[in-house]
Amino acid sequence: MNWLEKYFKLGEHGTTVRTEVLAGLTTFLTMAYIMFVNPSILGDAGMPKGAVFVATCLIAALGSAVMALYANYPIAIAPGMGLNAYFAYVVVLHMGYTWQAALGAVFISGCLFLLVTVFRIREQIIKGIPQSIRVAITVGIGLFLALIALKSAGVVVGDKATLVTLGDLHSPSVILFGLGFLLIIVLDRLKVPGAILIGILAVTVASFFFGGNQFNGVFSAPPSIEPTFLKLDIKTALSSGFLNVVLVFFLVELFDATGTLMGVAKRAGLLVPGKMERFHRSLLADSGAIFAGSLLGTSSATAYVESASGVQAGGRTGLTAMTVAVLFLACLFIAPLAGSVPAYATAPALLFVACLMLRELVEVEWDDSTEAIPAAVTAVMMPFTYSIANGLAFGFISYAAIKLFTGRVKEVHWMVWIIAALFLFKFAYIGGH
């Protein structure tokens, strides 16, 4: 264990191998749901679920390992919630693009992300975006995920007269969804590690008895990744109509990943003078994961806020993230179980994550209408137009316009004008969606 001590500098951080491994296990249990949820969501876009499962495990292992070995941070990486839904339900199913083109957009956004990180302008962009809009993006994605979860479980269904209405509350999928959601909340409240994962697995087991689901076993050799590996369509993604798709991927990756990294690093006591160089390395690690994920065949990867659970358990170095990486590699051999998980089993996890994202609302300056209204517009337009892109567009445009017509132009950063102008151009010359 001596080389682990030297490489990860465990003594310097006041931790031990045992503490780090247990912290890694805790982080893994809180985020392992993604290997079931991601194939379920991207599978709806027509992507082969087996290949997506492998890509999800591989990019989680690769990203977390790079974070561990290069940045020595206790932060895990995996495909992010929110952008996988945007990828599947908006870009592919709503806008009509192929999943290969959507992967191309992820690749381009990853390249942009890597460039702004390498040249250290990532933090400058973050500083230029209003706090109210940043908060609203998280809230809006939460509302969007909630709608997708309720739709997947059959709780909410379409209606010609009212657009949406209540589904059949007597159906097995709705009942199991409700029980799963309640189970996750109770376990989380009791601080049981892996509450979300336990909820998904419990509903999946129940689905074999009450939902007519078929059990295909637990272990097998990993499925082939060939159906998604290097299948991205960069040419289509570079077309003018894809500009806003790339922009949305880029902006959400920017806020989500950077905010998570700063929040978890701060909680671990790592954002102190003299250690900021490691923070820059962590930014490069998560940027590279987006790029690599698009090649393997999955939506944007990001730093996981669930890493905070590992930090809470004592994780302070990259050994925590390395433990997560090893566990995700081991999970490559449970593909049959992942393939047996129905949509209504992952829906409680989606709704739970969505509810947690809404707590960001307290950060909005509700007494200042020039900040609060654009934030509300951003959050509300995401679920009601079924598009994160439209929420962002209306948010930035309304923010710039309200500040302009209330004589508060000096409060608006130049980056906001650029983004608002891009979205206005897109609506004027390219059209909706």
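Since the structure is predicted, the reported quantities are computational estimates derived from the model, not experimental observations.

Draft legend 1. Quick peek at the overall build of the chain. Along the chain, the regular secondary structure elements total 20 helices and four strands. Whereas a compact globule of 433 residues would reach a radius of gyration of roughly 22 Å, the chain reaches 21 Å, a difference of no more than 12%. When its C-alpha atoms are laid out on the principal axes, the chain stretches across 60 × 60 × 45 Å. Here the chain holds 433 residues, and 56% of them are scored as buried. Of the contacts made within the chain by residues no fewer than 6 positions apart, 82% connect residues no fewer than 24 positions apart. A total accessible area of about 17900 Å² is found for the chain, and carbon and sulfur atoms account for 68% of it. The distance from the centre of the 25 positive side-chain charges to the centre of the 22 negative ones in the chain is 5 Å.

Draft legend 2. Spatial organisation of the packing of aromatic side chains. This model, assessed by the stated rule, comprises nine aromatic pairs. Considering the side-chain rings of Phe177 and Phe181, the 6.3 Å spacing of their centres and the 5° angle between planes classify their relative orientation as stacked. Linking Phe177 with Phe181, this pair stays in helix H9 (residues 172-189), spanning four residues, or about one helical turn. Against the face of Tyr70 rests Arg281, its NZ or CZ located 4.8 Å from the ring centre.

Draft legend 3. Quick look at unusual backbone geometry. Positioned with a positive phi, Asn72 is a non-glycine residue whose angle comes to about 55°. You can see Asn72 is positioned in the loop between helix H4 (49-71) and strand S1 (77-79). Note on Asn72: relative accessible area 10%, which makes it buried. Positive phi is not limited to glycine here, since Leu230 has a value of about 60°. The topology assignment puts Leu230 in the loop between helix H10 (195-210) and helix H11 (234-237).

Draft legend 4. Just the pairing of strand S2 (residues 156-159), in detail. As defined by bridge partners, S2 adjoins strand S3 (residues 163-166) across four bridges and the pair is classed as antiparallel. Of the residues in S3, the one forming a bridge with Asp159 is Leu163. Joining the antiparallel neighbours S2 and S3 is a turn of three residues.

Draft legend 5. Expanded view of the environment of Leu169. Structurally, the position occupied by Leu169 is in the loop between S3 and H9. Non-local contacts of Leu169, meaning those with residues more than four positions away in its chain, are made with Val174 and Ile175.

Draft legend 6. Region of interest: helix H17 (residues 343-357). A rise of 1.5 Å per residue sets the reference length of H17, with its 15 residues, at 21 Å; its end C-alpha atoms lie 21 Å apart and thus fit the reference within 8%. Among the 15 residues that make up H17, 12 are buried, leaving the element largely enclosed by the rest of the structure. For H17, the complete set of buried residues consists of Tyr344, Ala345, Thr346, Ala347, Pro348, Ala349, Leu350, Leu351, Phe352, Val353, Ala354 and Met357. For H17, the secondary structure elements touched by its buried residues are helix H3 (34-43), helix H8 (131-153), H9 and H10.

Draft legend 7. Main features of the environment of Ala343. Locating Ala343 in the fold gives a position in helix H17. Here Ala343 falls in the partly exposed class, since its relative accessible area comes to 32%. Other than its neighbours up to four places away in sequence, Ala343 contacts Ser40 and Ser152.

Draft legend 8. Geometry of the environment of Gly318. Note on placement: Gly318 falls in helix H15 (residues 318-330). In sequence terms Gly318 and Ala68 are 250 residues apart; their C-alpha atoms lie 3.7 Å from each other. Apart from the residues within four sequence positions on either side, Gly318 is in contact with Phe8, Ala68, Asn72, Tyr73 and Pro74.

Draft legend 9. Spotlight on helix H19 (residues 388-405). Helix length check: H19, at 18 residues, gives a terminal C-alpha distance of 26 Å against a target of 26 Å (1.5 Å per residue), a fit within 8%. Judged by how many residues are buried, H19 sits mostly within the fold: 13 of 18 residues are covered. Looking at the residues trailing H19, positive phi occurs at Gly407, about 70°.

Draft legend 10. Spotlight on the pattern of salt bridges. Counted by the stated rule, this structure contains five salt bridges. Among the salt bridges present, the one from Lys231 reaches Glu226, with a minimum N-O distance of 3.2 Å. Given the relative accessible area of 30%, Lys231 is considered partly exposed. The partner of Arg408 in a salt bridge is Asp368, with the nearest N and O atoms 3.0 Å apart.

Draft legend 11. Quick peek at the packing of H10 against H17. With their axes 8 Å apart at the nearest point, H10 and H17 run at an angle of 155° to one another. On the basis of the axis angle, H10 is roughly antiparallel to H17. Of the two possible hands of crossing, H10 and H17 adopt the one that is right-handed. In contact with Ile196, Ile200, Val203, Thr204 and Ser207 of H10, H17 contributes Tyr344, Ala345, Thr346, Ala349, Phe352 and Val353. Of the residues assigned to the contact of H10 with H17, the class counts are eight nonpolar, three polar and no charged.

Draft legend 12. The confidence of the model for the chain, seen in detail. The predicted model of the chain has a mean per-residue pLDDT of 84, with 95% of residues at 70 or higher. The weakest mean pLDDT in the chain belongs to helix H7 (residues 122-128) at 71; the strongest belongs to H9 at 93.

Draft legend 13. Quick look at a nonpolar patch on the surface. On the surface, a cluster of nonpolar side chains totalling about 870 Å² of accessible area is made up of Leu243, Leu404, Phe405, Val409, Trp414, Trp417, Ile418, Leu422 and Phe425. Within the residue set of the nonpolar patch, elements represented by two or more residues are H19 and helix H20 (414-430). Examining the composition of the nonpolar patch, we find that five residues originate from one element, H20, more than from any other. Relative to the helices and strands, Phe425 is located in helix H20.

Calculation criteria
- Residues numbered from 1 in each chain as written.
- Predicted model: local features only at pLDDT ≥ 70, side-chain atom pairs only at ≥ 80, totals over all residues.
- Heavy atoms only, no water.
- Helix = DSSP H or I, 4+ residues; strand = E, 2+ residues; numbered from the N terminus.
- Rg over C-alpha atoms; globule rule 2.2 N^0.38 Å.
- Buried < 20%, exposed > 50% of the residue type's maximum accessible area, 1.4 Å probe, protein only.
- Contact = heavy atoms within 4.5 Å.
- Areas by Shrake-Rupley, 256 points an atom, 1.4 Å probe, with all protein chains shown as cover.
- Lys, Arg positive; Asp, Glu negative; His and termini not counted.
- Charge placed at Lys NZ, Arg CZ, Asp CG, Glu CD.
- Phe/Tyr/Trp six-rings, centres within 6.5 Å; stacked < 30°, edge-to-face > 60°.
- Lys NZ or Arg CZ within 6 Å of the ring centre and 35° of its normal.
- Pairing = 2+ DSSP bridges.
- Expected span 1.5 Å × (residues − 1).
- Salt bridge = Lys/Arg side-chain N within 4 Å of Asp/Glu carboxyl O.
- Axes fitted to C-alpha atoms, helices over the stretch in contact; angles between N-to-C directions.
- Parallel < 35°, antiparallel > 145°, perpendicular 65-115°, else oblique.
- Left-handed = near helix turned anticlockwise from the far one by under 90°.
- Nonpolar A, V, L, I, M, F, W, Y, C, P; charged D, E, K, R; others polar.
- pLDDT = per-residue confidence, 0-100.
- Patch = residues over 30% accessible without salt bridge, like charges linked within 9 Å, V, L, I, M, F, W, Y side chains within 5 Å.

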